[in-house]
Every structure is written in C-alpha cells, then in structure tokens.
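# Structure assessment
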Amino acid sequence: MPGLNFAGPNLATVAYAEVDGAAGASTTCNSGVSTTRTAAGTYVVLLPTTLAQDVGRDLIFVQPKANNDGTSFTTPRFADVDDSLSVTKTIVIWGGDPAAVSSTRVDGSFSILILRTTISPPAGAPA
C-alpha cells in the first residue's frame, strides 16, 4: 500500500483495563474507563464521551485471564465484542467446555485494549 509509513505511529491507545470477572470492576489497571458486570459473563466498558470511537476505525483486543483466585484454568474461555456504539463496548465471555453441548456465558476476568487508527485510509481502502 503506497503512502503508509511503517515507522510512524499509526495506532493510538484509546483505553485499557484489567477487569475482574466476579465484580466487573477494574481497580488495578485502568486508563479512565468505567467497567461493570451487567449479567453472567456480560460486561460493559464505558468510554468517556471525548474518546468515542467509530466502529470502523477502532481495534479492540480482549484477552480472557485467570481469575484472581486462579480457578479459571479448568474451562477454556473466549470473548465476543459488540462495538456498535461509540462509547459503550459490550464484552461477553463464553466458556468453551468441550464436554458441554454448547457454549455458555461465564464470568471471567479479562484485559481489554482499545486502539484507533491515526492515519487517513489510502484511496480505495475500506476504512
């Protein structure tokens, strides 16, 4: 892609947090976002209105982690992100127990990192 400067800072950190799966709080590592648990395995990360993100210009990385008591290694977990709203990001943690018929929502701690692009897309690029 012509015009991209690979040595330049083309991504900016918008927000990050370490979220506790039981309470939904992020008290140990947080860039200034609000986090809460709204239902089993469902969490909301609320960005300040000054950091609202366009769904087409943000990258959201969620990494399920061990719970504080170390009990979460028994069931594989994965995350789903709904970033359709500009300041509200909804994260669902799923338990992927191979013995279960289907995946279910489970409470689980996770790290979240939200980045955004800082360059204009090249001509013809989708975003």
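It should be noted that the structure appears before, not after, this text.
Before going into details, it helps to say that this report is about the structure given with it. (Residues numbered from 1 in each chain as written. Predicted model: local features only at pLDDT ≥ 70, side-chain atom pairs only at ≥ 80, totals over all residues. Heavy atoms only, no water.)

## With respect to the sheet that holds strand 1 (residues 11-19)
Reading across the sheet, the three strands line up as 1-8-4 and stay open at both edges, with antiparallel pairing between neighbours. Two strands in the sheet have a free side with no partner beyond their single neighbour: strand 1 and strand 4 (58-64). Looking at each pair of strands side by side, their axes are set apart by 15° on average, direction ignored. With seven bridges connecting them, strand 4 and strand 8 (residues 110-117) associate as antiparallel partners. Residue pairing in the sheet places Ile 60 in a bridge with Ile 114 of strand 8. (Pairing = 2+ DSSP bridges. Helix = DSSP H or I, 4+ residues; strand = E, 2+ residues; numbered from the N terminus. Axes fitted to C-alpha atoms, helices over the stretch in contact; angles between N-to-C directions.)

## Structural notes on the environment of Asp 82
Assignment of secondary structure puts Asp 82 in strand 5 (residues 77-82). Along the chain, Asp 82 and Val 92 lie ten residues apart, while their C-alpha atoms are 8.4 Å from each other. Setting aside chain neighbours within four positions, we find Asp 82 in contact with Thr 88, Lys 89 and Thr 90. At a separation of 2.7 Å, a polar atom in the side chain of Asp 82 contacts the side chain of Ser 84. (Contact = heavy atoms within 4.5 Å. Polar contact = N/O pair within 3.5 Å; in protein donor to acceptor, adjacent residues only side chain to side chain.)

## Some words on the pattern of salt bridges
Applying the stated criterion across every chain yields a total of three salt bridges. Taking the shortest distance from any N to any O, the salt bridge between Lys 65 and Glu 18 comes out at 2.6 Å. Linking Lys 65 in the loop between strand 4 and strand 5 with Glu 18 in strand 1, this pair joins segments that are 47 residues apart in sequence. A residue is classified by how much of its surface remains accessible, and Lys 65, at 32% relative accessible area, is partly exposed. (Salt bridge = Lys/Arg side-chain N within 4 Å of Asp/Glu carboxyl O. Buried < 20%, exposed > 50% of the residue type's maximum accessible area, 1.4 Å probe, protein only.)

## What to know about the packing of aromatic side chains
Counted under the stated rule, the structure contains one aromatic pair. Measuring from ring centre to ring centre gives 5.3 Å for Tyr 43 and Phe 110, while their planes differ by 65°; the resulting arrangement is edge-to-face. Here Phe 110 lies in strand 8 and Tyr 43 lies in strand 3 (residues 42-46), a separation of 67 residues in the sequence. Phe 110 shares its class with Tyr 43; the two are buried. (Phe/Tyr/Trp six-rings, centres within 6.5 Å; stacked < 30°, edge-to-face > 60°.)

## A look at the side chain of Ser 26
Tracing the sequence through the fold places Ser 26 in the loop between strand 1 and strand 2 (34-39). On the basis of relative accessibility, which here comes to 11%, the residue Ser 26 falls in the buried class. Of note is the side chain of Ser 26, whose polar atom sits 2.6 Å from the side chain of Asn 30. Among the polar contacts listed, one links the side chain of Ser 26 to the side chain of Thr 35, at a separation of 2.9 Å. Look past the residues within four positions of Ser 26 in its chain and what remains in contact with it is Ala 17, Glu 18, Val 19 and Thr 35.

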